[in-house]
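Descriptive structure summary
Here are the chains, one letter per residue:
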Amino acid sequence: MIGVAVAKKASVKDVRRRNRALILRQVWLGGPTSRSEVGAATGLSPATVTNLMNELLAEGTVREEGFLDSEGGRRRAIVRIAHDAGLVVGADVGETQIGVEVFDLGLNRLAARTYPFKGRRIEVAEARTAITDQVTAMLAELGVDARRVVGLGLGVPGVVQEDRQLVHAEVVGWHGADFSGFGEHLGIPAYIDNGAKSTTQAEAWFGAARDTDHAVMVLIGEGAGAGIITDGRLYRGFSSSAGEWGHTKISLDGPHCRCGRAGCVETFVGASAVLNQWRGPDETWLGRETDGVEAILTAWRDGDPAAQRAIDGLVRHLGLALSNLVNLYNPEKIIVGGWFGDRIAAELLDELQAAVRAYALDQPGGEVVLVRSQLGPAAAVLGAATLPISQLIESGAGVERLTA
């Protein structure tokens, strides 16, 4: 009998946590709403919504703010996340710099800093120290105690093991980089994920993938990566390495890649790869790839034959690489982002759409729509900041519980 009672108690607790998570997700991602709208969206009973909403109000996680207009009957109070109840930090390790930003719980940016590094390589110890120092400095500037920070999200290149402690990112020289204990010096819980996945989560919450059940986001800079949304959820794969699209192969004897292999997607569509196709191997653009991209696009618009050949090659290879994603995952939408991807989408989206349809199977290729990222370059750090908020939502915890 004792065993049965314990099992029943645990089950009730799990149901309550799940219901709190449903309500938090709806209020956080759906914006200001009413209790009745939360009930309709989650399928929870009015009594359950009222009881759990009252808990969240008492904890300070949500707040009542005004009333909805009513044509008669009882007025409905508007509830929303209490933006000032806590803070989150987002940090993203990019190709040449680390971006670190502080947000309120509504993901409004309060402070931002960058830490540049050279040679596209950074030691793990340097990265950890740089992020810690930047966070400490920004919290001091804001006059905020670290205990008010719900969590720190870190987006990194490469594969993050399921336990979120080891990072395998050959492109920055990390082979089983140990991030255990990260955040402890600050006294802030830390959550680590692949940057393409966290960026995709931001695009799904706030950008072009919002309300889309099947989508792929591709991020193109020097390298390339992807995040896959299926049935409205981020797809991770068996060991959380799904999305390493930049290192899928589209040539058996293609250019040598940073990963140590050949023929990878990024060796055809990455910024330096395209510049090399235009001018040949040229270190003039090293560290100035954004300038180089603007130069080749200008030359392409002016009718320069070499630029046109390079851009045509980019469209064909990128269209081929994207068509493979279309045939594999049958997405409704492909969102093109990343600093180079954003320029491609701004200039070449129609040509790219045509290339995808030419290479993909007729049915999925005819259905998929290519769009430009709505969040732009800010998506990477914002995506990292969604990691602690996602943890808060999924756990069904209130801000008071996480920061206690």
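Here, the structure is the one placed above.
Residues numbered from 1 in each chain as written. Predicted model: local features only at pLDDT ≥ 70, side-chain atom pairs only at ≥ 80, totals over all residues. Heavy atoms only, no water.

All right, on to the sheet that holds strand β4 (residues 87–93) then. Reading across the sheet, the five strands line up as β6-β5-β4-β7-β11 and stay open at both edges, with mixed pairing between neighbours. The sheet is open, and its two borders are formed by β6 (109–116) and β11 (190–194), each paired with just one other strand. Within the sheet, the average angular offset between the axes of one strand and its neighbour, ignoring direction, is 15°. In this sheet, β11 lies alongside strand β7 (residues 149–156) in parallel orientation, the contact comprising five bridges. Across the sheet, residue V156 finds its bridge partner in β11, namely N194. The strands touched by helix α5 (residues 195–206) are β4, β7 and β11; relative to β11, the strand with the most contacts, the crossing angle is about 100°. (Pairing = 2+ DSSP bridges. Helix = DSSP H or I, 4+ residues; strand = E, 2+ residues; numbered from the N terminus. Axes fitted to C-alpha atoms, helices over the stretch in contact; angles between N-to-C directions. Contact = heavy atoms within 4.5 Å.)

Looking at the secondary structure, you find A208 in the loop between α5 and β12 (215–220). Given a relative accessible area of 6%, A208 falls into the buried group. Here the alpha-carbon distance between A208 and S11, two residues 197 residues apart in the chain, equals 37 Å. Beyond its immediate chain neighbours, meaning those up to four positions away, A208 contacts E203, K333, I335, V371, R372 and Q374. (Buried < 20%, exposed > 50% of the residue type's maximum accessible area, 1.4 Å probe, protein only.)

To continue, consider the packing of helix α2 (residues 35–42) against helix α3 (residues 46–59). Direction vectors running N to C along α2 and α3 enclose 120°, while the axes themselves pass 10 Å from each other. Compared by their axis directions, α2 and α3 come out oblique. With respect to the hand of their crossing, α2 and α3 are arranged in right-handed fashion. Together, R35, V38 and G39 of α2 and V49, T50, M53, N54 and L57 of α3 make up the contact between the two elements. (Parallel < 35°, antiparallel > 145°, perpendicular 65-115°, else oblique. Left-handed = near helix turned anticlockwise from the far one by under 90°.)

What follows deals with the nonpolar core. In terms of nonpolar packing, the biggest core is built from 44 residues, with W245 and L322 touching the most fellow members. Elements that contribute at least two residues to this core include exactly β12, β13 (224–230), α6 (266–269), α7 (271–279), α8 (289–301), α9 (305–329), β15 (333–337) and α10 (339–359). Element by element, the count of residues in this core is highest for α9, at 10 residues. Among residues more than four places away in sequence, those in contact with L322 are V218, W245, I334, L352, V356 and L370. (Core = buried A, V, L, I, M, F, W, Y, C linked by side-chain atoms within 4.5 Å.)

Inspection of the entire model under this criterion finds five aromatic pairs. Ring geometry for Y235 against Y329: centres 6.4 Å apart, planes inclined by 55°, an arrangement best described as tilted. Within this pair, whereas Y235 is found in strand β14 (residues 233–235), its partner Y329 is found in helix α9, the two being separated by 94 residues in sequence. In this structure Y235 comes out as partly exposed when scored by relative accessible area, which is 36%. With 5.9 Å between their ring centres and 40° between their planes, W339 and F340 make a pair best called tilted. (Phe/Tyr/Trp six-rings, centres within 6.5 Å; stacked < 30°, edge-to-face > 60°.)

Our next topic: the pattern of salt bridges. A pair can form between side chains of opposite charge whenever their charged atoms are brought close. Applying the stated rule across the entire model yields 19 salt bridges. The residue R80 makes a salt bridge to E65 at a minimum N-O spacing of 2.9 Å. Highlighted residues: R80 in strand β3 (residues 76–81) and E65 in strand β2 (residues 62–68), separated in sequence by 15 residues. Judged by its relative accessible area of 39%, E65 is partly exposed. (Salt bridge = Lys/Arg side-chain N within 4 Å of Asp/Glu carboxyl O.)

So, about a negative patch on the surface. Negative charge collects at one region of the surface, where D211, D213, D231 and E332 lie side by side. By the element assignment, D231 lies in the loop between β13 and β14. (Patch = residues over 30% accessible without salt bridge, like charges linked within 9 Å, V, L, I, M, F, W, Y side chains within 5 Å. Areas by Shrake-Rupley, 256 points an atom, 1.4 Å probe, with all protein chains shown as cover. Lys, Arg positive; Asp, Glu negative; His and termini not counted. Charge placed at Lys NZ, Arg CZ, Asp CG, Glu CD.)

Next up on the list: the side chain of E59. On the secondary structure map, E59 appears in helix α3. With a relative accessible area of 14%, E59 lands in the buried category. A distance of 3.1 Å separates the side chain of E59 from the side chain of R20, its partner in a polar contact. (Polar contact = N/O pair within 3.5 Å; in protein donor to acceptor, adjacent residues only side chain to side chain.)

It is the contact of α7 with α9, at a shortest axis distance of 8 Å, that shows an interaxial angle of 145°. Viewed along their axes, α7 and α9 form a crossing whose handedness is right-handed. Between α7 and α9, the residues in contact are V274, Q277 and W278 and A306, A307, A310, I311 and L314, respectively. When grouped by side-chain class, the residues that make up the contact of α7 with α9 number seven nonpolar, one polar and no charged. (Nonpolar A, V, L, I, M, F, W, Y, C, P; charged D, E, K, R; others polar.)

The next thing to look at is unusual backbone geometry. Here L107, not a glycine, exhibits a phi torsion of approximately 60°, which is positive. Within the secondary structure, L107 is located in the loop between β5 (97–104) and β6. We note that D211 has phi near 60°; this positive angle belongs to a residue other than glycine. As for its position among the elements, D211 is in the loop between α5 and β12.

Given 3.6 residues to a turn, an α-helix orients residues that are three or four positions apart in the same direction. Given a rise of 1.5 Å per residue, 21 residues ought to cover 30 Å, yet the end C-alpha atoms of α10 are separated by just 25 Å, more than 12% below that figure. At L348, α10 shows its maximal kink, close to 90°. Buried within α10 we find F340, G341, D342, R343, I344, A345, L348, L349, L352, Q353, A355 and V356. (Expected span 1.5 Å × (residues − 1). Bend = angle between axes of the 7 residues up to and from the residue.)

Let us look at a nonpolar patch on the surface. Where nonpolar side chains cluster on the molecular surface, the patch consists of Y235, L328 and Y329 and spans about 320 Å² of accessible area. By the secondary structure assignment, L328 is in helix α9.

Interpretation note: all reported values are geometric properties and have no functional meaning in isolation.
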